Amino acid sequence: MKKAVVLYSGGLDSTTCMAIACSEGFAPYALSFAYGQRHSIELQKAREYAPRIGAADHLVVEVDMRRIGGSALTADLEVPKEGVDPREIPVTYVPARNTVFLSFALGWAEVLGAFDIFIGVNALDYSGYPDCRPEYIASFEQTANLATRAAVQGEGRYRIHAPLIDLTKGEIIRRGLALGVDYSLTHSCYDPTPEGLACGTCDSCRLRLKGFAEAGISDPVTYC
């Protein structure tokens, strides 16, 4: 079975992405990050769900992005609760986050002898982050094949899989349900309560609830 590194936050999209990797015959090596995010409860979900969904290994890397701040997820900035302007990149964007994460994933993939990396980015029902676009994924794939010993020496060619990139949130949920994903074990809220309950009003909660409404089922997580 071929190995694949799967970026895995414990959220709805990344969990679906890992289920897809499994369904395509890959042995998923889940990679999560403790990056100082205010919604660190997602890491608890990731640790709980990774072995249940079939991860061959689960690595949690600490990268303190609060040191640079610049995001409502990693600094003392307010998380928007009234929706976001689609013409602007919202304050919940974490500077260069996916580039940092994919770089770690690429390094681990090279050590593992894997040439496939899965990331659950989406360019339809998302918050407008620049590092979730198809052109960014294509660019990083090119970089991966220019910057690694394995690729330069002809041992293989890296591929960045983004199977959710052109799906609506409702389509993502339906795909996950067909693969047996238990969405009650996922977490999406950017600003949960101290008890871990989802706020229901941040942009991530809004997109999640919209997706479940489109899929015609109720979201199994609890909201405050």
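Below, the structure is looked at part by part. Predicted, not measured: the structure shown is a model, and the values here were computed from it.

## What about the overall build of the protein chain?
Phase 1 of the analysis: A count of helices and strands for the protein chain gives 7 helices and 5 strands.
Phase 2 of the analysis: Along the first, second and third principal axes, the C-alpha atoms of the protein chain reach 50 × 40 × 30 Å.
Phase 3 of the analysis: For the protein chain, with 224 residues in total, the buried portion stands at 52%.
Phase 4 of the analysis: When contacts within the protein chain are restricted to residue pairs at least 6 apart in sequence, those whose partners lie at least 24 apart make up 72%.

## Some remarks on the pairing of strand S2 (residues 26–34)
Phase 1 of the analysis: Most of S2 is tucked away, with 8 of its 9 residues classed as buried.
Phase 2 of the analysis: Pairing geometry for strand S1 (residues 2–7) and S2, over 6 bridges, is parallel. Each bridged residue has a counterpart across the sheet, and for valine 6 the counterpart in S2 is alanine 30.
Phase 3 of the analysis: Once the chain exits S1 it traverses helix H1 (residues 12–23) before rejoining the sheet at S2, and the crossover so formed is right-handed.
Phase 4 of the analysis: With 6 bridges connecting them, S2 and strand S3 (residues 57–62) associate as parallel partners. Paired with alanine 34 across the strands is glutamate 62, a residue of S3.
Phase 5 of the analysis: After leaving S2, the chain enters helix H2 (residues 41–53) and then returns to the sheet as S3, a path that is right-handed.

## Quick look at the sheet that holds strand S5 (residues 159–161)
Phase 1 of the analysis: Ordered in space as S3-S2-S1-S4-S5, the 5 strands form an open sheet in which the pairing is parallel. For this open sheet the edge positions go to S3 and S5, each flanked by a neighbour on one side alone. Neighbour-to-neighbour, the strand axes of the sheet open up by a mean angle of 25°, direction not taken into account.
Phase 2 of the analysis: Alignment of strand S4 (residues 116–118) against S5, held across 3 bridges, turns out to be parallel. When the bridges of S5 are listed, phenylalanine 118 appears paired with histidine 161.
Phase 3 of the analysis: Set on the sheet, H1 makes contact with S1, S2 and S4; between it and S2 the angle comes to about 160°.
Phase 4 of the analysis: Packed onto the sheet, H2 meets S2 and S3 and runs at close to 160° relative to S3.

## With respect to helix H4 (residues 134–146)
Phase 1 of the analysis: Its 13 residues give H4 an end-to-end C-alpha distance of 19 Å, which sits within 8% of 18 Å, the value for a rise of 1.5 Å per residue.
Phase 2 of the analysis: Turning to H4, its buried residues number three or more, namely Tyr136, Ile137, Phe140, Ala144 and Asn145.
Phase 3 of the analysis: Residues of H4 that are buried in the fold lie against helix H3 (97–112), helix H5 (149–152) and S5.

## A look at the pattern of salt bridges
Once the charged atoms of two side chains with opposite charge are near each other, the side chains can pair.
Phase 1 of the analysis: Across all of its chains, the model carries 8 salt bridges by this definition.
Phase 2 of the analysis: Its salt-bridge partner being lysine 81, residue aspartate 191 comes within 3.0 Å of it at the nearest N-O pair. Of the two residues, aspartate 191 sits in the loop between helix H6 (169–178) and helix H7 (203–215) while lysine 81 sits in the loop between S3 and H3, which places them 110 residues apart along the sequence.
Phase 3 of the analysis: Ionic contacts of the salt-bridge type, sharing partners, join the residues Arg38, Lys81 and Asp191 into one network.

## Let's talk about the packing of H6 against H7
Phase 1 of the analysis: The geometry of H6 relative to H7 is characterised by a closest axis approach of 7 Å and an angle of 65° between their N-to-C directions. As far as their axial angle goes, H7 and H6 are roughly perpendicular. When the axes of H6 and H7 are compared, the crossing they make is right-handed. Facing H6, whose interface residues are Lys169, Gly170, Ile173 and Arg174, H7 presents Leu207, Arg208, Gly211, Phe212, Glu214 and Ala215.
Phase 2 of the analysis: A per-class count over the contact of H6 with H7 returns 4 nonpolar, 2 polar and 4 charged.

## Examining the side chain of aspartate 116
Phase 1 of the analysis: Structurally, the position occupied by aspartate 116 is in strand S4.
Phase 2 of the analysis: Among buried Asp, Glu, Lys and Arg side chains, aspartate 116 stands out as unpaired, with lysine 2 the closest opposite charge at 4.0 Å.
Phase 3 of the analysis: A polar side-chain atom of aspartate 116 sits 2.6 Å from a polar atom in the side chain of histidine 161.
Phase 4 of the analysis: With near-sequence residues (within four places) excluded, aspartate 116 lies in contact with Lys2, Lys3, Ala4, Val5, Phe26, Arg159 and His161.

## A closer look at H3
Phase 1 of the analysis: Look at H3: 23 Å from first C-alpha to last across 16 residues, which is about the 22 Å you get at 1.5 Å a residue.
Phase 2 of the analysis: At its buried positions, H3 is contacted by S1, S2, S3, S4, H4 and S5.
Phase 3 of the analysis: A positive backbone phi angle near 75° is found at glycine 113, which sits one or two residues after H3.

About the cut-offs
Residues numbered from 1 in each chain as written. Predicted model: local features only at pLDDT ≥ 70, side-chain atom pairs only at ≥ 80, totals over all residues. Heavy atoms only, no water. Helix = DSSP H or I, 4+ residues; strand = E, 2+ residues; numbered from the N terminus. Buried < 20%, exposed > 50% of the residue type's maximum accessible area, 1.4 Å probe, protein only. Contact = heavy atoms within 4.5 Å. Pairing = 2+ DSSP bridges. Right-handed = clockwise from strand over helix to strand, strands pointing away. Axes fitted to C-alpha atoms, helices over the stretch in contact; angles between N-to-C directions. Expected span 1.5 Å × (residues − 1). Salt bridge = Lys/Arg side-chain N within 4 Å of Asp/Glu carboxyl O. Parallel < 35°, antiparallel > 145°, perpendicular 65-115°, else oblique. Left-handed = near helix turned anticlockwise from the far one by under 90°. Nonpolar A, V, L, I, M, F, W, Y, C, P; charged D, E, K, R; others polar. Lys, Arg positive; Asp, Glu negative; His and termini not counted. Polar contact = N/O pair within 3.5 Å; in protein donor to acceptor, adjacent residues only side chain to side chain.

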